[in-house]
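If you want the building blocks of each chain, they are given just below.
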Amino acid sequence: MLRIGAHTSIAGGIDNAVDEQIEYGGNCGQIFTHSPQVWQDPDVGDEEAERFRETAAEHDIGPWVIHSSYLVNLCTPKEGLREKSIVSMQAELDAASTLGVPYVNVHLGAHTGAGVEGGLDNAASALEELEVPDDVTVLVESDAGGGTKLGSSFEELAGVLDRCSIELDVCLDTAHLFAAGYDLSTPAGVEETFAAFDETIGRERLECVHLNDSKHACGTNKDEHAHVGEGLIGDEGMAAFINHDAVADVPLVLETPTEDGKSYAWNVERVRELADR
Ligand SMILES: [Zn+2]
Ligand SMILES: [Zn+2]
């Protein structure tokens, strides 16, 4: 069954995210538990958590993902930032467990001088400090790269997975992959990308996809999302990706633009049109 949904706002209460998802026609989704640009603890009330769980179950909308704060940097060599990142991640994990959300998604961050190996060591040791609830899994997200940010290649993602003893899986973002140099604009490119993923990481560890087209060319490391089919990945690449065996049972979450007329509902519908299932 096709699982397609959007990143939804929690304005007015976390439970509102489910109502919003219903409006978009989605059947899975993602939330921030607070503004992702600031250090702030998720504030999940018991009543809204219960209503979130109940409404999501009643309408069969799931799985959900919590996207962690953009300030989190697991690769950092700076002790203060590392501590804040761990505390923030722990709070997201606990909130996820309260909400019945199975995944917390995180970007590895930037090594800012620690070097690639040093940065991956830092990320792995930070993740090891987390007390991950039994019903939640941390997903490391593929990054667009640029600067000293890590996680833009399958090798770097595998570098963290291999270093960690905690259960860790992967979220791929199509716009980020494209920006990082994986050419998803043709069926052959999609095939090649999944072959590389299978070899380096293994598709059993792919638990979520952020399905976004890209406003910038392949390999530019520029992270700007476009509507499905309307960016440089295009309809052909998007269709090949959506219909690839590797994502047959993987939830697809849209993070497409919201300010330029086309809505999440439009993108959900577009994905359903492109999908064979
Ligand atoms: Zn992300
Ligand atoms: Zn992005």
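A brief structural summary. Everything numeric here is computed off the predicted structure, so don't read it as measured data.

Donor atoms from the polypeptide that bind the zinc ion (ligand 2) are His176 (NE2), Asp223 (OD), Asp223 (OD) and His225 (NE2), placed at 2.0 to 2.5 Å. In this structure, the zinc ion (ligand 2) is surrounded by four donor atoms whose angles at the metal cover 54 to 140°, and the resulting shape is irregular. Taken in chain order, the donor set of the zinc ion (ligand 2) reads H-x46-D-x1-H. In this structure the zinc ion (ligand 1) is found 5.7 Å away from the zinc ion (ligand 2).

Coordination of the zinc ion (ligand 1) by the protein involves His67 (NE2), His107 (NE2), Glu141 (OE) and Glu141 (OE), with metal-donor separations of 2.1 to 2.7 Å. Considering all four donor atoms around the zinc ion (ligand 1), angles at the metal cover 51 to 143° and the coordination shape is irregular. In primary-sequence terms, the residues that donate to the zinc ion (ligand 1) follow H-x39-H-x33-E.

A few words now on the sheet that holds strand 7 (residues 206-211). Sheet architecture is closed into a barrel: eight strands sit in the order 1-2-3-4-5-6-7-10, paired in parallel fashion. The sheet shows a mean angle of 30° between the axes of neighbouring strands, taken without regard to direction. Looking at chain direction, strand 1 (residues 4-7) and strand 10 (residues 252-254) are connected through three bridges and run parallel. Residue pairing in the sheet places Ala6 in a bridge with Leu254 of strand 10.

With that settled, the discussion passes to unusual backbone geometry. Glycine aside, the phi torsion of most residues is negative, and most peptide linkages are trans. Along the chain, Gly62 connects to Pro63 via a cis peptide bond; the corresponding omega equals 5°. With respect to the helices and strands, Pro63 occurs in the loop between helix 2 (46-58) and strand 3 (64-67). Located in the positive-phi region is Asp60, a residue other than glycine, with phi close to 55°. Here Asp60 lies in the loop between helix 2 and strand 3. For Asn221, which is not a glycine, the phi torsion comes out positive at approximately 60°. With respect to the helices, strands and loops of the structure, Asn221 is situated in the loop between strand 8 (213-214) and strand 9 (225-226). Classification of Asn221 by relative accessible area gives partly exposed; the value is 34%.

Another point: the pattern of salt bridges. All chains considered together, the criterion is met by 12 salt bridges. A salt bridge links Asp169 to Arg205; the shortest N-O distance between them is 3.6 Å. Separated by 36 residues along the polypeptide, Asp169 in strand 6 (residues 168-173) and Arg205 in the loop between helix 7 (187-200) and strand 7 bring together distant segments of the chain. One salt bridge connects Glu224 with Lys215, and the closest N-O pair in it is separated by 3.9 Å. Given the relative accessible area of 36%, Glu224 is considered partly exposed. Residue class for Lys215 comes out partly exposed when judged on its relative accessible area of 38%. It is possible to trace a salt-bridge network through shared partners that takes in Asp15, Asp19 and Arg51.

The rules behind each value
Residues numbered from 1 in each chain as written. Chains lettered and ligands numbered in written order. Predicted model: local features only at pLDDT ≥ 70, side-chain atom pairs only at ≥ 80, totals over all residues. Heavy atoms only, no water. Donors = N, O, S within 2.8 Å, 3.2 Å for Na, K, Ca; no water. Tetrahedral: all angles 85-135°; square planar, octahedral: opposite > 155°, others 65-115°. Pairing = 2+ DSSP bridges. Helix = DSSP H or I, 4+ residues; strand = E, 2+ residues; numbered from the N terminus. Axes fitted to C-alpha atoms, helices over the stretch in contact; angles between N-to-C directions. Buried < 20%, exposed > 50% of the residue type's maximum accessible area, 1.4 Å probe, protein only. Salt bridge = Lys/Arg side-chain N within 4 Å of Asp/Glu carboxyl O.

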